Amino acid sequence: MSELKRVFGSVIVAMVTPFHADGSVDIPTARRLARHLVDQGCDGIVLNGTTGESPTTHQPEKDELVAAVVEEVGSEAFITAGAGSNDTAHAVRIAKGAKRSGAHGVLVLPPYYNRPSQEGVYRHMRAVIEAAELPAMLYDIPGRTGVRLEDATLDRLAALEPVLAVKDATGNVAHGFDAIARTGLEFYSGDDGLNFAWLAHGAAGVVSVVGHVAAAQYKQLVSLVDGGDLAGARAVARDLRDVVAAVMGTGQGAVMAKHALHLQGILPTPTLRLPLVEAPQADVDNLADVLRAHSML
């Protein structure tokens, strides 16, 4: 068995935020979705992340969502709340709200669009981490933020007591392999296409969008890697390649995850908030074919 601590879980789903047809947050469906994910095998949930449409949900909505999901499954899964903004004061408010609402941990990322210096990145993230007063997972995703966590910045943040983990969506597993050894932090795959590679290199687990439909398979993947059966784990990852492509291939994971859940009857509607829009019908049809081929419909 693995000696990894896995404070945040091993199969973590970056959960979508369900909306009613009118665009308001659908809390009863969020509860049902969280319950479904846990029943399928996930032991962690990230709320109010990019997949949860965090740029277009607001403070009271974020807090209400966290409180509801913690109440529903918080005794069975580690609930991490995103605290992302390019305004440090706003991110601090989000972090404090997450704690008040009962979140178990917080996901903290560099401010996007501003493209600050590494010193600015460090001060921003430190302020959010200190405000949350919760176990913190750093999120390195330069494709969205426009700035990555350089090694020196990561090391400074790793020295902060609440910082326990990193969600890495840089696509650079080899670099992460070194960072795991250097920092001693739990690393999580932030790219479903690289889940097997990250786990084989010592990652603690995955923070997944595809886990909305494949939590059971990812639970098996983690178990096989833990047991040293890399051939078996590779077979699971290989079998999921077309599912990953169908959900993530367009780069719109939140959109396709909602369509998948709608096809499965878990979401009453795949409603999104602008600027996100529903996928073209051809993409939805392809998604349905892939899910059906894997007995996910």
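What counts, and at which threshold
Residues numbered from 1 in each chain as written. Predicted model: local features only at pLDDT ≥ 70, side-chain atom pairs only at ≥ 80, totals over all residues. Heavy atoms only, no water. Phe/Tyr/Trp six-rings, centres within 6.5 Å; stacked < 30°, edge-to-face > 60°. Helix = DSSP H or I, 4+ residues; strand = E, 2+ residues; numbered from the N terminus. Buried < 20%, exposed > 50% of the residue type's maximum accessible area, 1.4 Å probe, protein only. Core = buried A, V, L, I, M, F, W, Y, C linked by side-chain atoms within 4.5 Å. Contact = heavy atoms within 4.5 Å. Salt bridge = Lys/Arg side-chain N within 4 Å of Asp/Glu carboxyl O.

S.K.: Before we move on, can you summarise the packing of aromatic side chains with the specific residues and values?
M.R.: One pass over the full model with this rule turns up three aromatic pairs. Look at F187 and W198: their rings are 6.2 Å apart centre to centre, the planes differ by 25°, and that puts the pair in the stacked class. One end of the pair, F187, is in strand β7 (residues 186–189); the other, W198, is in helix α8 (residues 195–200), with eleven residues separating them in the sequence. The pair formed by F187 and W198 is uniform in burial state, with each residue classed as buried. An aromatic cluster is built from F8, F78 and Y188, whose rings are joined through pairwise contacts.

S.K.: So what's going on with the nonpolar core? Residues and values would help.
M.R.: One finds M15, I45, V69 and L138 to be the most contacted residues of the largest nonpolar core, which totals 92 residues. Of the residues forming this core, the biggest block, eight residues, is contributed by helix α9 (residues 211–226). L138 has contacts with L107, V108, M125, I129, L149, L154, L157, V163, A165, V166 and K167, leaving out every residue within four places of it along the chain. Counting residues in each nonpolar core, the second largest holds 15 residues, with A14, V46, F78 and A169 among its members.

S.K.: Can you break down the side chain of T145 residue by residue, with the values?
M.R.: Residue position: T145 is located in helix α5 (residues 142–145). Accessibility expressed as a relative area gives 2% for T145, which makes it buried. If we ignore the near neighbours within four places in the chain, the residues touching T145 are L109, P110, P111, Y112 and Y113.

S.K.: Report on the pattern of salt bridges, specifying residues and quantitative values.
M.R.: The full count for this structure, using the stated rule, is 15 salt bridges. One salt bridge in this structure joins E72 and R31, with 3.1 Å as the shortest N-O distance. One end of the pair, E72, is in helix α2 (residues 59–73); the other, R31, is in helix α1 (residues 27–40), and 41 residues separate them in sequence. Take E72: its relative accessible area is 26%, and that puts it in the partly exposed class.

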